[in-house]
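Results of the structural survey
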Amino acid sequence: MSSLEQMYQQVILDHAKRPHGRGLVDAPGDHRTGESHQVNPTCGDEITLRVDIQGDGAGATVAGVSWEGQGCSISQASASVMTELVTGHDLADVARLDAVFHDLMASRGKGLDDEDALDALGDASAFTGVSQYPARIKCALLGWAALKDSLARSGALS
Ligand code: ZN
């Protein structure tokens, strides 16, 4: 295993051990919220995620993400990394990060040629190796699917 792979693995283990955003939090009453429950039956992972959105229209930002989940360390770590990554970003940024992470997961372990895009992913770039394993890609994408659905349910995208 290369030192980069070891570093990536450590990032995933750290997030699985001390997940960011775990424990559902009520949003302030004047914020939009959306919630979504997603299941990955092939691995047994589950997540219930709540998004807290401040503002409206183009200025709407993700003020907070909280979630409850169970399952493998990849699914839990990915939800944690995603929580850290998207919090404070406007919805256009979040959609872009979601697209870049999906590109990474489709890279079959090769990663991304666009280094700026990879940099923007922060700790989420640690999931590069996961993209070699089709069964684990679903684990890594579970939190992102819950976020996307939560945003749709919040009404903030319309
Ligand atoms: Zn899993």
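A short tour of the structure in this document, coming up.

Basis of the calculations
- Residues numbered from 1 in each chain as written.
- Predicted model: local features only at pLDDT ≥ 70, side-chain atom pairs only at ≥ 80, totals over all residues.
- Heavy atoms only, no water.
- Pairing = 2+ DSSP bridges.
- Helix = DSSP H or I, 4+ residues; strand = E, 2+ residues; numbered from the N terminus.
- Expected span 1.5 Å × (residues − 1).
- Buried < 20%, exposed > 50% of the residue type's maximum accessible area, 1.4 Å probe, protein only.
- Arc of directions from axis to C-beta.
- Contact = heavy atoms within 4.5 Å.

1. Some words on the pairing of strand β1 (residues 32–40)
The sheet contact formed by β1 and strand β2 (residues 45–54) spans nine bridges and is antiparallel. Residue pairing for β2: E35 is matched across the bridge by R50. Taking the residues that link successive antiparallel strands as the turn, the β1-β2 hairpin has four residues, and the phi of G44 there is positive, at about 90°.

2. Thoughts on helix α1 (residues 3–17)
Under the 1.5 Å per step criterion, the end-to-end length of α1 is 21 Å for 15 residues, consistent within 8% with the ideal 21 Å. Within α1, the full set of buried residues consists of Y8, V11, I12 and H15. Taken end-on, α1 shows its buried residues confined to a sector of 95°, consistent with a single buried face. When the buried face of α1 is taken as reference, the exposed residues oriented beyond 90 degrees from it are S3 and K17. Packed against the buried residues of α1 are α2 (73–86).

3. Observations regarding the environment of Q70
Note on placement: Q70 falls in strand β3 (residues 61–70). Considering only alpha carbons, one finds Q70 and A146, 76 residues apart in sequence, at a separation of 14 Å. Dropping the residues within four chain positions of it, Q70 is found in contact with G44, D45, E46 and Q76.

4. Focus on α2
A rise of 1.5 Å per residue sets the reference length of α2, with its 14 residues, at 20 Å; its end C-alpha atoms lie 20 Å apart and thus fit the reference within 8%. Listed as buried for α2 are I74, S75, Q76, A77, S78, A79, S80, V81, M82, T83, L85 and V86. Next to the buried residues of α2 lie α1, β2, β3, α3 (91–105), α4 (115–120) and α5 (134–154). Trailing α2 by a residue or two, G88 shows a phi angle of about 95°, which is positive.

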